[in-house]
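Structural features, examined
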Amino acid sequence: MAGDTRSRTGPAATEAELACPIAPVVDIVFSRWTTPILWTLHTHGRQRFVELERRIGSITPKVLTQRLRQLERDGLVVRTYHPEVPPRVEYEISGLGRSLAPLFAHLAEWADTHLDDVERARRAYDGGA
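These notes cover the structure that comes with them. All of these numbers come straight from a predicted model, not from anything done at the bench. (Residues numbered from 1 in each chain as written. Predicted model: local features only at pLDDT ≥ 70, side-chain atom pairs only at ≥ 80, totals over all residues. Heavy atoms only, no water.)

1. Overview of the overall build of the protein
- A tally of regular secondary structure across the protein gives seven helices and three strands.
- Counting from the amino terminus, the protein carries its helices and strands in the arrangement α-α-α-β-α-α-β-β-α-α.
- Expressed as a percentage of the 129 residues in the protein, the buried residues total 23%.
- Summarising the internal contacts of the protein: among those between residues at least 6 apart in sequence, 43% fall at separations of at least 24.
- Carbon and sulfur atoms provide 56% of the accessible area of the protein, an area that totals close to 9,200 Å². (Helix = DSSP H or I, 4+ residues; strand = E, 2+ residues; numbered from the N terminus. Buried < 20%, exposed > 50% of the residue type's maximum accessible area, 1.4 Å probe, protein only. Contact = heavy atoms within 4.5 Å. Areas by Shrake-Rupley, 256 points an atom, 1.4 Å probe, with all protein chains shown as cover.)

2. Details of unusual backbone geometry
- Look at the link from Val 85 to Pro 86: it is a cis peptide, with omega at -5°.
- If you trace the backbone, Pro 86 turns up in the loop between strand S2 (77-82) and strand S3 (88-93).

3. Digging into the pattern of salt bridges
- The tally for this structure, following the rule as stated, stands at six salt bridges.
- We note a salt bridge from Glu 84 to Arg 88, for which the minimum N-O separation is 2.8 Å.
- Its relative accessible area of 37% is what places Glu 84 among the partly exposed residues.
- Asp 117 is the partner of Arg 120 in a salt bridge, and the nearest nitrogen-oxygen pair spans 2.3 Å. With a gap of three residues between them, Arg 120 and Asp 117 both fall in helix H7 (residues 101-125), about one helical turn apart.
- Residue classification places Arg 120 among the partly exposed positions, given a relative accessible area of 45%.
- Residue classification places Asp 117 among the partly exposed residues on the basis of a relative accessible area of 35%.
- Among the charged side chains, a salt-bridge network with shared partners connects Arg 46, Glu 84, Arg 88, Glu 90 and Glu 92. (Salt bridge = Lys/Arg side-chain N within 4 Å of Asp/Glu carboxyl O.)

4. What about the pairing of S2?
- Examined bridge by bridge, S2 and S3 share six bridges and lie antiparallel to one another. Each bridged residue has a counterpart across the sheet, and for Tyr 81 the counterpart in S3 is Val 89. (Pairing = 2+ DSSP bridges.)

5. Digging into the pairing of S3
- For S3, the tally of buried residues reaches five of six residues, placing the bulk of the element in the interior.
- Summarising the sheet, strand S1 (residues 47-48) and S3 pair through two bridges and their orientation is antiparallel. Pairing of Arg 48 across the sheet is with Glu 90, part of S3.
- Taken together, S2 and the strand that follows it, S3, pair antiparallel across an intervening segment of five residues.

As structure tokens, this is what we get:
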């Protein structure tokens with residue numbers, strides 16, 4: 001249901017969902033390439049495939065295609081085909097994808113505030129403090 005904030009606890013819930021109700025969201029949003037794709041589309045707006053590929057950098061065309069298809073399937077990205085010569089395809093973040101913006105903003109703020117702390121903890125753990 002749209003707007004339903006209850007966790008999935010019924011018979012369809014997996015053990016991971018019961019242990020951590022946000023596990024399905026993490027699986028959808030935080031896969032290796034999903035976050036950079038959504039961030040790029042949110043930041044730069046509608047993009048053609050080649051523009052996305054250039055902005056993201058090290059992603060291969062095959063992986064970008066796979067991730068865009070999955071994001072379209074999940075409703076986070078909209079693909080628009082323009083029947084021109086040559087054909088043109090554009091991708092943009094959907095309303096559902098845009099609804100993740102506050103989450104990304106909080107994560108960016110957390111990173112800005114705490115990544116240095118994480119690096120210090122890693123050095124201390126590794127014996128290089």
